[in-house]
Amino acid sequence: DDDIFSSAFCETSEKLINVHLFALAAKYYSLSNLGVCTPLEDVLEALKGDNEGATGIAPDEFMNSKKSHEVQVMSELVNGIANYCGIKLVIDIGSGKGYLSSFLSMQYNLKVYGIDSSSSNTNGAHERNRKLKKHWRSYQSRGKENLKSQSLEKANDRPVESEINCETVNEELLTNANSLQNQDQVIVQDLVSSCGFTEMATLKTNAETEAEIVTGTQSHETKLSEDVLAILNVLPADAVEDFSSSHYNCGELCEEEKVQRKITSLKTKARKSSESNLYLPLTSCITAETELSDIITDLEDCMMVGLHTCGDLAANTLRIFTAKPEIKAVCSVGCCYHLLSEQFENQEECHDQVWGFPMCQYLKDKGWCCGRNARMSACLALERVAVGQMLPTESLFYRAVLQVIIEEIYGITKSDRHVGKTFSKSSSFVDYVRRSLKKLELDDSKLPDSCIMEYYEKYKHRMNELEAFNMLKVVLAPCIEVLILLDRLCYLKEQENIAWSGLVKLFDPVKSPRCYAVIALKNQSCS
């Protein structure tokens, strides 16, 4: 096969002469064709055991469709791994605004520490909890009215029981008191929509039976307090103020109401003591040498996750996982390959530095290097282009001509500075060039508009060539991504304390191009 594919290039000039063969070779060496990935369905089935899925909560319009897709799919897998390993603590590296972290906490009752280097991101996550408090009282008022109307409807459908055996009620309620915290689930759209999730389920299981028994004597306010506590059980502990029933008119309490108050007290104490579904955003820069115990004082057996961890952070997540005995599993989806540091990209020797690529000893021994251009290509999205989402040809053309100007006018061939997203802010090519030169701290006064437009006109006819060249880069992108992902997988395979590791395609690549997760579980931790 290698001999066949090599004929895509001229032996003498080494130029590409057979585009079709080049495309076939790229497809042949793509991750989907190599057969090294483990299907997501197989992983979920192996992890499932006797565990049942949680009641569905769906992210609402607060997340875009891409983020919603990623969060739902990845959280299901993370929950499966956590259950399989018998752990309740998750550390979300590069947690950003906390979408994955808060969903894991609310949907699956996991305690999550979200660590991000950006204080604005962690402050944003705190703001989501503040919004919950802000909307809490308004929900409470609407909840009263809804419950009253529901009670009236039920009264028309069936007769109210006139007599209740208090002894039986007491026994049943006290028996179920300890289990109610995990069984009751109320997800209310009015309350949670400001935090990013919508209503999918209402109070269920034993609460239904309990309501049946005490319908005749239970007041609307007592029923509301029960629903409120059920909501508190599925929200972050610091999201709302502690509920207290002391403002209600106690008066003469019947036996059933006393039992209900007892259950309320037990559930509130249990919530405060366990705080199992807590989400805590933290600000810290994570490196390969990071001591998690310095950041998380109550560190216990846990797993690490990362949804689109940028550049070296994905590699460092795997290094921390292998080095720390408390971390029993990892699920990492990387991105931004162009920001990876490479050991062999420059000739300078830096023995103390920890590099993003390569990680495995096999590629280190070969001194393998991708280079920035190849890593930039690995970030392209072939599947999106295949369904008609074309490359931004004009912005790429602007950048290419700008590079010629910088080299010919200013004599600069390499720079650590970047022009960033200047194209979207520019009204014309001249405006683009001037904005870019300012960002690069180059003097644009010696460059008249006419000179800038001469460069534009000189290369305008070659725009189709540029588009064809970038399409070839798109075709090659999956092959470069394969190299980076297999390097990470091989690194895990080289470790002695890993029970299982694999690559899993998590997401629809059209919705989320960086769709592969590196997953690993340690020895003697999951039985």
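Cut-off values and rules
- Residues numbered from 1 in each chain as written.
- Predicted model: local features only at pLDDT ≥ 70, side-chain atom pairs only at ≥ 80, totals over all residues.
- Heavy atoms only, no water.
- Helix = DSSP H or I, 4+ residues; strand = E, 2+ residues; numbered from the N terminus.
- Buried < 20%, exposed > 50% of the residue type's maximum accessible area, 1.4 Å probe, protein only.
- Contact = heavy atoms within 4.5 Å.
- Areas by Shrake-Rupley, 256 points an atom, 1.4 Å probe, with all protein chains shown as cover.
- Phe/Tyr/Trp six-rings, centres within 6.5 Å; stacked < 30°, edge-to-face > 60°.
- Lys NZ or Arg CZ within 6 Å of the ring centre and 35° of its normal.
- Expected span 1.5 Å × (residues − 1).
- Bend = angle between axes of the 7 residues up to and from the residue.
- Core = buried A, V, L, I, M, F, W, Y, C linked by side-chain atoms within 4.5 Å.
- Axes fitted to C-alpha atoms, helices over the stretch in contact; angles between N-to-C directions.
- Left-handed = near helix turned anticlockwise from the far one by under 90°.
- Nonpolar A, V, L, I, M, F, W, Y, C, P; charged D, E, K, R; others polar.

Help me out: how do you make sense of the overall build of the protein chain in this one?
Across its full length, the protein chain carries 22 helices and seven strands. Counting across all 527 residues of the protein chain, residues that qualify as buried make up 46%. Excluding contacts between residues fewer than 6 apart, the proportion of contacts in the protein chain whose partners are at least 24 apart in sequence is 74%. When the accessible surface of the protein chain is totalled, it reaches about 27100 Å², and 49% of it is carbon and sulfur.

I'm lost on unusual backbone geometry in this one. Help?
Most peptide bonds adopt trans geometry, and most residues besides glycine take a negative phi value. The omega torsion of the bond from Phe357 to Pro358 falls at -5°, within 30 degrees of zero and hence cis. Here Pro358 lies in the loop between strand E5 (327-335) and helix H16 (361-365). Despite not being glycine, His308 shows a phi value in the positive range, around 60°. Within the fold, His308 resides in strand E4 (residues 302-310). Residue class for His308 comes out buried when judged on its relative accessible area of 17%.

Got a minute to help me understand the packing of aromatic side chains in this structure?
Each aromatic ring pair is summarised here by two numbers: the centre-to-centre distance and the angle between the ring planes. The final tally for this structure, using the stated rule, is ten aromatic pairs. Consider the rings of Phe397 and Tyr456, whose centres lie 5.7 Å apart with planes at 75°: the pair is edge-to-face. You can see Phe397 sitting in helix H19 (residues 393-410) and its partner Tyr456 sitting in helix H21 (residues 449-459), a full 59 residues away along the chain. In this pair, the class of Phe397 matches that of Tyr456, namely buried. Centroid distance Tyr398 to Phe423: 5.2 Å. Interplanar angle 75°. Geometry classified as edge-to-face. Here Tyr398 is found in helix H19, whereas its partner Phe423 is found in the loop between H19 and helix H20 (429-439), with 25 residues between them in sequence. Members of the aromatic cluster, connected to one another through ring pairs, are Phe397, Tyr398, Phe423, Phe429, Tyr432 and Tyr456. Over the aromatic face of Phe321 sits the side chain of Lys522, whose NZ or CZ is 4.9 Å from the ring centroid.

Honestly, helix H22 (residues 463-493) in this entry has me stumped. Any pointers?
It helps to recall that an α-helix has 3.6 residues per turn; residues three or four apart then point in one direction. Between its first and last C-alpha atoms H22 spans 45 Å; for 31 residues at 1.5 Å apiece the expected length is 45 Å, and the two agree. At Leu476, H22 shows its largest kink, close to 40°, and the proline Pro478 lies no more than four residues downstream.

What am I meant to see in the nonpolar core here?
Side chains of nonpolar character tend, in soluble globular proteins, to be buried together. Counting residues in each nonpolar core, the largest one holds 73 residues, and the members touching the most others are Met74, Leu77, Ile81, Met303, Cys331 and Leu506. In terms of residue count, the dominant contributor to this core is helix H5 (residues 65-85) (eight residues). In contact with Leu77, other than residues within four places in its own chain, are Leu40, Val43, Leu44, Leu47, Cys331, Leu506 and Ile519. If you look at the next biggest cluster of nonpolar residues, it comprises 22 residues, including Leu402, Val419, Leu440 and Tyr455.

Would you mind showing me how to read the packing of helix H4 (residues 40-48) against H5 here?
Pairs of packed helices are described in terms of their axes, by the angle between the two and the distance that separates them. Look at H4 against H5: their axes get within 9 Å of each other, and the N-to-C directions meet at 35°. Regarding H4 and H5, the two cross each other, and that crossing is left-handed. Here Leu40, Val43, Leu44, Ala46 and Leu47 of H4 lie close against H5, whose contacting residues are Val73, Glu76, Leu77, Gly80, Ile81 and Tyr84. When the residues that make up the contact of H4 with H5 are grouped by side-chain class, the tally is nine nonpolar, one polar and one charged.

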